[in-house]
Every structure is written in C-alpha cells, then in structure tokens.
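Fold and contact review
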Amino acid sequence: EPPHTGRLALYLLGLRATCPPASPHRSLVTLLKYYLEEDWTGSRRHGHPLTSYYQYGLGVLALCVHHKRVREEVIRRLLTAQHHGKFGHSGNAVDTEAVVALAFTCLQRRRLVETGLAAELQAAAHGASKSMAEAQGPDGIIGNIYSTPWALQVFLATGSCQTEPAFGQAMAALLENLEAFGTAATMAQVLPVLHGLSYLDIASMHCQEEPDTLTAMDIQPPTEVPGNKMVQLVVECPLPWCYELRLYDRPVPVPTAASLLDVLQAAAALEPHDFKFHTQDTPQGPFLTQVLGLEARQEKRNYWQLLTAPNTPLQMGIADYRPQDGETLILRLSEW
C-alpha cells in the first residue's frame, strides 16, 4: 500500500492552522519525513513517487509550514520533475505545479535552504505562476474550477496577484462558481483565497487565545426532486489502447437529482451487466480509475477524461456533477 503522504500532509497543515497549545504532533512530522522517503522508492521502478507528485509536494509544503528543514535531495526531486514536465495533465497539472510552487516559496521565504538553492526555488515558483497564467481559459478558469484556487494561492504567495491580469479574471470565475465547492477538502482550498491568503500564511500565524465561537449547524439533507431523466452514457477508447473507439453507448434512466456517479452505478445495474467501473477515494471525492476493465495508469500517462457531448470537459468530479435530462456524457481514455 502506498504511504499516506498527502493525507498526513493535509492533516498537519490543518493542525498547524488550529494553533495547537502543545506539540504532540512531532511524531507525525517525523512520520511525514519517513513517508517522503518511502514514497520515493517508487521512482526506482516507475519513475515517479508511489503516490503522486501532488502528494509529494504537499508533504514538503507541510514540513515547511511546520518550520522543518527538508533534505536538498528531496527538493531537487521536485525541481527535476518540474523541469521535465512530469506534473500531469489539465487541472491535475495545475494542482501539482501550484502545490510545488507553494512549497518552493515557503522554503525560500522561511530561509530553510541555502542561498543558491533559494534563488532556484524562487525562479521556479515564478515560472509556475507564469505558466498558470498562460493556461487560463477564456472563462477565467485555470485548469478546472477546483485547480483555480490553487493557482490563485500561488499568485498571492509570489506577489504576482498585484501585476498579473489572470488573477482578477480567475477570482471572478471562482466567485461565479462557489457552489462547486461542497466538500470539506475543496472548501479548505478556496477559503484562504477568499480572504486574500494562501497556505503559506499558516506558517506565520500568531496563535493567541481566542474565544470558541464555532457552533454546529443543523444541515438538512437536500430534498428529493421527483421524476426521472435519461442520460446517454458513452465510453470511448482511442488508439493506441483500443482498436474500436466507442466501447459503450447506452441510455441510462436515473432519478432527476442523480449525479454522474449515480449514472455510473445505474449503468452497472442494467441488464446485461456489461458496464463496470472502479473509483479511488481522494480528499476531493471519488476519482474514476477504471472503466470496462481498462485502467488509467500514471506510468502509461493516461486518465479517464469526463466530457459532455460533443467535446466539453467537465469542471466537476463524478460525485458533484449532475447531468441534465437528455445529456450525453462521455468517458474517454485520454493521454496527458
């Protein structure tokens, strides 16, 4: 089982943000350092961490926020990956590049590296900021709606928010799509940006005794919308992975309020049971990893792209997107 690098890194970032009165987390910081080394053992066989460069970058960022030094070799691994364009595809690439840029900026700002390396990290972070601005779409979104807060954090952390036009355009797009951030993980990414902050600001927080003003909310489950809808589900697998492009094309009846994940589950229940899929749990929700026995693998540089016909990529995950009646959804094995 791969090390839980990203999960532990997110927990340590959250722990630091809560201003803990003592330091019972020292063992967790040590464990994260261990995970970073265990994670890298995957590069000997696969050429990348066992988890992902995103989780690896989160680990370095979390250690820096806790004012812990990181071995130069660990930092060089991320620098080399960035220079060789190994950070993924579309929104995933923006996520990873942003996390790594935040880690580089933190290490340089906290003076946890020597002067020469600090200059390299600063240049790499500003280079990432420029590439994100260039990746911005006409709608203001950078990568996808969930990667946009990460890019905005980089603009804020590097100071380019004051001079980069992409910042204002991305912020406007974010404010128009706040309803997309419905999970704790996605809220945690967007809330600092709405306050003009980034995860780097956690490192310089002045913890003081504050009154406990948090109150539990009685959240009512969404009301069921009566009726049904019909969604056309298509699975495409182009060359070189398949000889036949369209592997599945069938209408799937689902309740009106059904998400894309509900559509997939309903398709799997239809007779004959010829549709199968698998997902992987992530902090952002379930991630589609396998369809009809075809697995998307990082070492093959492919992934399952989600689109609405004819060719519009989805900006939400499978558990969040709710298709319209009569809509055609395409699962396409794509290369990054």
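Residues numbered from 1 in each chain as written. Predicted model: local features only at pLDDT ≥ 70, side-chain atom pairs only at ≥ 80, totals over all residues. Heavy atoms only, no water.

Per an unreviewed UniProt entry, the protein chain carries the name Transcobalamin-2 and comes from Callaeas wilsoni. Taken verbatim from the UniProt record of the protein chain, the Subunit (unreviewed entry) comment is "Interacts with CD320 (via LDL-receptor class A domains)." In its Sequence similarities (unreviewed entry) section, the UniProt entry covering the protein chain states "Belongs to the eukaryotic cobalamin transport proteins family." (UniProt positions renumbered as here; feature names shortened; annotations may be inferred.)

The next point concerns the overall build of the protein chain. Of the regular secondary structure elements, the protein chain holds ten helices and eight strands. For the protein chain, buried positions account for 46% of its 336 residues. For the protein chain, the proportion of contacts with a sequence separation of at least 24, taken over those separated by at least 6, is 64%. Carbon together with sulfur atoms contributes 53% to the accessible area of the protein chain, which is approximately 17,500 Å² in total. (Helix = DSSP H or I, 4+ residues; strand = E, 2+ residues; numbered from the N terminus. Buried < 20%, exposed > 50% of the residue type's maximum accessible area, 1.4 Å probe, protein only. Contact = heavy atoms within 4.5 Å. Areas by Shrake-Rupley, 256 points an atom, 1.4 Å probe, with all protein chains shown as cover.)

Across the sheet, five strands lie side by side as 2-1-8-6-7; this open sheet has mixed pairing. Sheet topology places strand 2 (246-255) and strand 7 (312-313) at the edges, where each strand pairs with a single neighbour. (Pairing = 2+ DSSP bridges.)

Turning our attention to the pattern of salt bridges. Under the definition given, this model contains nine salt bridges. A single salt-bridge network, built from bridges that share partners, covers Glu37, Arg71, Glu73 and Arg77. (Salt bridge = Lys/Arg side-chain N within 4 Å of Asp/Glu carboxyl O.)

Once that is clear, we can look at the pairing of strand 1 (residues 228-236). Two faces, one strand: in a regular strand the side chains alternate between the faces of the sheet. In this structure, strand 1 lies alongside strand 2, joined through nine bridges in antiparallel fashion. Considered in strand 2, the bridge of glutamine 232 is made with proline 251. Of the pairings in the sheet, the one linking strand 1 to strand 8 (residues 328-335) comprises five bridges and is parallel in character. Looking at the pairing, valine 235 lines up with leucine 331 of strand 8.

Attention shifts here to the nonpolar core. Judged by nonpolar contacts, the single largest core of 72 residues is most densely connected at Leu61, Leu107 and Met132. Core analysis: the next-biggest nonpolar cluster, separate from the first, contains 28 residues, Val252, Ala267, Leu329 and Leu331 among them. (Core = buried A, V, L, I, M, F, W, Y, C linked by side-chain atoms within 4.5 Å.)

Before going further, it helps to examine the packing of helix 6 (residues 115-134) against helix 7 (residues 148-158). The contact between helix 6 and helix 7 brings their axes to 10 Å, and the two run at 135°. In terms of orientation, helix 6 lies oblique with respect to helix 7. In terms of crossing hand, the pair formed by helix 6 and helix 7 is left-handed. Facing Ala125, His126, Ser129, Met132 and Ala133 of helix 6, the residues of helix 7 in contact are Ala151, Val154, Phe155 and Thr158. Considered class by class, the residues forming the contact of helix 6 with helix 7 number six nonpolar, three polar and no charged. (Axes fitted to C-alpha atoms, helices over the stretch in contact; angles between N-to-C directions. Parallel < 35°, antiparallel > 145°, perpendicular 65-115°, else oblique. Left-handed = near helix turned anticlockwise from the far one by under 90°. Nonpolar A, V, L, I, M, F, W, Y, C, P; charged D, E, K, R; others polar.)

So, about helix 9 (residues 184-194). Residue pairs three or four apart in sequence face the same way in an α-helix, which turns once every 3.6 residues. Of the positions making up helix 9, those classed as buried are Ala185, Thr186, Gln189, Val190, Pro192 and Val193. All buried residues of helix 9 fall inside an arc of 155° around its axis, so they share one side. Count one or two residues on from helix 9 and you reach glycine 196, which has phi positive near 70°. (Arc of directions from axis to C-beta.)

It is worth spelling out a nonpolar patch on the surface at this point. Residues Leu175, Leu178, Met187, Leu191 and Leu194 make up a contiguous nonpolar surface patch of about 420 Å² in total accessible area. The biggest single contributor to the nonpolar patch is helix 9, with three residues. Position of leucine 194 relative to the elements: it lies in helix 9. Given the relative accessible area of 37%, leucine 194 is considered partly exposed. (Patch = residues over 30% accessible without salt bridge, like charges linked within 9 Å, V, L, I, M, F, W, Y side chains within 5 Å.)

The end-to-end C-alpha distance of helix 6 is 29 Å, a good match for the 28 Å that 20 residues give at a rise of 1.5 Å each. Turning to helix 6, its buried residues are Leu117, Ala118, Leu121, Ala124, Ala125, Ala128, Ser129, Met132 and Ala133. One side-chain oxygen at the N-terminal end of helix 6 lies 2.8 Å from the backbone nitrogen of glycine 116; it belongs to glutamate 114. (Expected span 1.5 Å × (residues − 1). Polar contact = N/O pair within 3.5 Å; in protein donor to acceptor, adjacent residues only side chain to side chain.)

A separate point is the side chain of serine 129. Relative to the assigned elements, serine 129 resides in helix 6. Of the polar contacts made by the side chain of serine 129, one reaches the side chain of serine 160; its length is 3.0 Å. If we skip the residues at most four places from it in the chain, serine 129 touches Val154, Phe155, Thr158 and Ser160.

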